[in-house]
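# Chain and residue survey
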Amino acid sequence: GAGVSQSPRYKVAKRGQDVALRCDPISGHVSLFWYQQALGQGPEFLTYFQNEAQLDKSGLPSDRFFAERPEGSVSTLKIQRTQQEDSAVYLCASSLLLQNEKLFFGSGTQLSVL
Amino acid sequence: SQQGEEDPQALSIQEGENATMNCSYKTSINNLQWYRQNSGRGLVHLILIRSNEREKHSGRLRVTLDTSKKSSSLLITASRAADTASYFCAIPTRMAGTALIFGKGTTLSVSS
């Protein structure tokens, strides 16, 4: 596609519900990143993939958060047993080859946990 | 903290004026990037400056990097209402080959 696509755009979940957020990176991009952005804050790093390999998951806040990219393209961020503090915008970004180079971001998924 | 810190947190100017935002960081870096985020949207890459560069231009944007002071500045000249957005600096993490870390951003408001 022309850009990074994320779905859904908005997600409302009841506390305790599991959610899955999808990211379609730019075709051919090797690196894929997930960030969490709270209102009025900068994006906080969650996890990073190079192709299908998850090379860094140091930013995942708890074991309720899980990300995968099984075929090296589409990625899913799953949050189990959601809690109110999980409410945030979840941003996905991809880059062509090298990490630390220019990132292309999707518009994000705004998650609200009630 | 590894992340860059932007200053000021908020900036309000009139159209046509210049806007300057600063970013300070604490570790050695190989590059520093600036991004813009319009309300409710994802981030858009503006410019990347490498550690061996001191200044870089892109249209109305000018970025400087002073590695001795561990600081960078973003200058937007002749600002427009459309420049209203949040601006973030981003630096690589300490670990080689991992993600960019973002600061908390500067919120710029340009009024006509």
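Remember, predicted model here, so these are calculated numbers, not experimental data.

### What to know about the overall build of chain B
- Broken down by element type, chain B carries 0 helices and 11 strands.
- Taken from the N to the C terminus, the helices and strands of chain B come in the order β-β-β-β-β-β-β-β-β-β-β.
- Scaling as 2.2 N^0.38, a compact globule of 112 residues should have a C-alpha radius of gyration of about 13 Å, and chain B matches this with 13 Å.
- If you line up chain B on its principal axes, its C-alpha atoms span 45 × 30 × 20 Å.
- Here chain B holds 112 residues, and the buried ones make up 49% of them.
- Contacts in chain B between residues at least 24 apart in sequence constitute 54% of all its contacts with a sequence separation of at least 6.
- Of the roughly 5,400 Å² that chain B leaves accessible, carbon and sulfur atoms contribute 45%.
- If the 13 positive side-chain charges of chain B are averaged to one point and the 9 negative ones to another, these points end up 7 Å apart.

### Details of the pairing of strand β9 (residues 85-92) of chain B
Residues and elements named next belong to chain B.
- Most of β9 is tucked away, with 8 of its 8 residues classed as buried.
- Taken together, the 3 bridges between β9 and strand β11 (residues 106-111) define a ladder with antiparallel strand orientation. Note that in β11 the partner of Ala 85 across the bridge is Leu 108.
- When β9 meets strand β10 (residues 100-102), the two strands line up antiparallel, connected through 3 bridges. What sits directly across from Ala 90, in β10, is Phe 102.

### Here's the deal with the packing of aromatic side chains
Residues and elements named next belong to chain A.
- This structure, assessed with the given rule, holds 8 aromatic pairs over all chains.
- For the ring pair Tyr 35 and Phe 45, a centre distance of 6.0 Å and an interplane angle of 70° mean the geometry is edge-to-face. With Tyr 35 in strand β4 (residues 31-37) and Phe 45 in strand β5 (residues 44-50), this residue pair connects regions lying 10 residues apart in the sequence. The exposure classification of Tyr 35 matches that of Phe 45, with both residues buried.
- Judged by centre distance (5.8 Å) and plane angle (45°), the rings of Tyr 35 and Phe 105 are tilted. Of the two residues, Tyr 35 is situated in strand β4 and Phe 105 in strand β10 (residues 104-105); the sequence distance between them amounts to 70 residues. The pair formed by Tyr 35 and Phe 105 is uniform in burial state, with each residue classed as buried.

### Details of the nonpolar core
- The biggest cluster of nonpolar side chains holds 23 residues, and the ones touching the most others in it are Leu 32, Trp 34, Leu 74, Ile 76, Tyr 87 and Leu 108 of chain B.
- If you list the elements that add at least two residues to this core, you get β2 (10-14), β3 (19-24), β4 (31-37), β5 (43-50), β7 (61-66), β8 (71-76), β9 and β11 of chain B.
- A total of 4 residues in this core trace back to one element, the largest contributor, which is β9 of chain B.
- Val 4, Cys 23, Leu 60 and Ala 67 of chain A belong to the second-largest nonpolar core, a separate cluster that totals 20 residues.

### Comments concerning the interface of chain B and chain A
- Contacts between the two partners involve 22 residues from chain B and, on the opposite side, 20 residues from chain A.
- For the pair chain B and chain A, the summed buried surface comes to about 1,700 Å²; carbon and sulfur atoms form 50% of the total.
- Between the two partners, chain B and chain A, sit 1 salt bridge.
- With a closest N to O distance of 3.3 Å, Arg 50 of chain B and Glu 101 of chain A form a salt bridge.

### Regarding the sheet that holds strand β3 (residues 19-24) of chain A
All names here are of chain A.
- What the 4 strands build is an open sheet, ordered β1-β3-β8-β7; its pairing is antiparallel. The sheet is open, and its two edges are formed by β1 (5-7) and β7 (65-68), each paired on a single side. Strand after strand, the sheet turns through a mean of 15° between neighbouring axes, direction not considered.
- In this sheet, strand β8 (residues 75-79) lies alongside β3 in antiparallel orientation, the contact comprising 5 bridges. Looking across to β8, one finds that Arg 22 is bridged to Thr 76.

Rules of the game
- Residues numbered from 1 in each chain as written.
- Chains lettered and ligands numbered in written order.
- Predicted model: local features only at pLDDT ≥ 70, side-chain atom pairs only at ≥ 80, totals over all residues.
- Heavy atoms only, no water.
- Helix = DSSP H or I, 4+ residues; strand = E, 2+ residues; numbered from the N terminus.
- Rg over C-alpha atoms; globule rule 2.2 N^0.38 Å.
- Buried < 20%, exposed > 50% of the residue type's maximum accessible area, 1.4 Å probe, protein only.
- Contact = heavy atoms within 4.5 Å.
- Areas by Shrake-Rupley, 256 points an atom, 1.4 Å probe, with all protein chains shown as cover.
- Lys, Arg positive; Asp, Glu negative; His and termini not counted.
- Charge placed at Lys NZ, Arg CZ, Asp CG, Glu CD.
- Pairing = 2+ DSSP bridges.
- Phe/Tyr/Trp six-rings, centres within 6.5 Å; stacked < 30°, edge-to-face > 60°.
- Core = buried A, V, L, I, M, F, W, Y, C linked by side-chain atoms within 4.5 Å.
- Buried area = accessible area lost by both parts, 1.4 Å probe.
- Salt bridge = Lys/Arg side-chain N within 4 Å of Asp/Glu carboxyl O.
- Axes fitted to C-alpha atoms, helices over the stretch in contact; angles between N-to-C directions.

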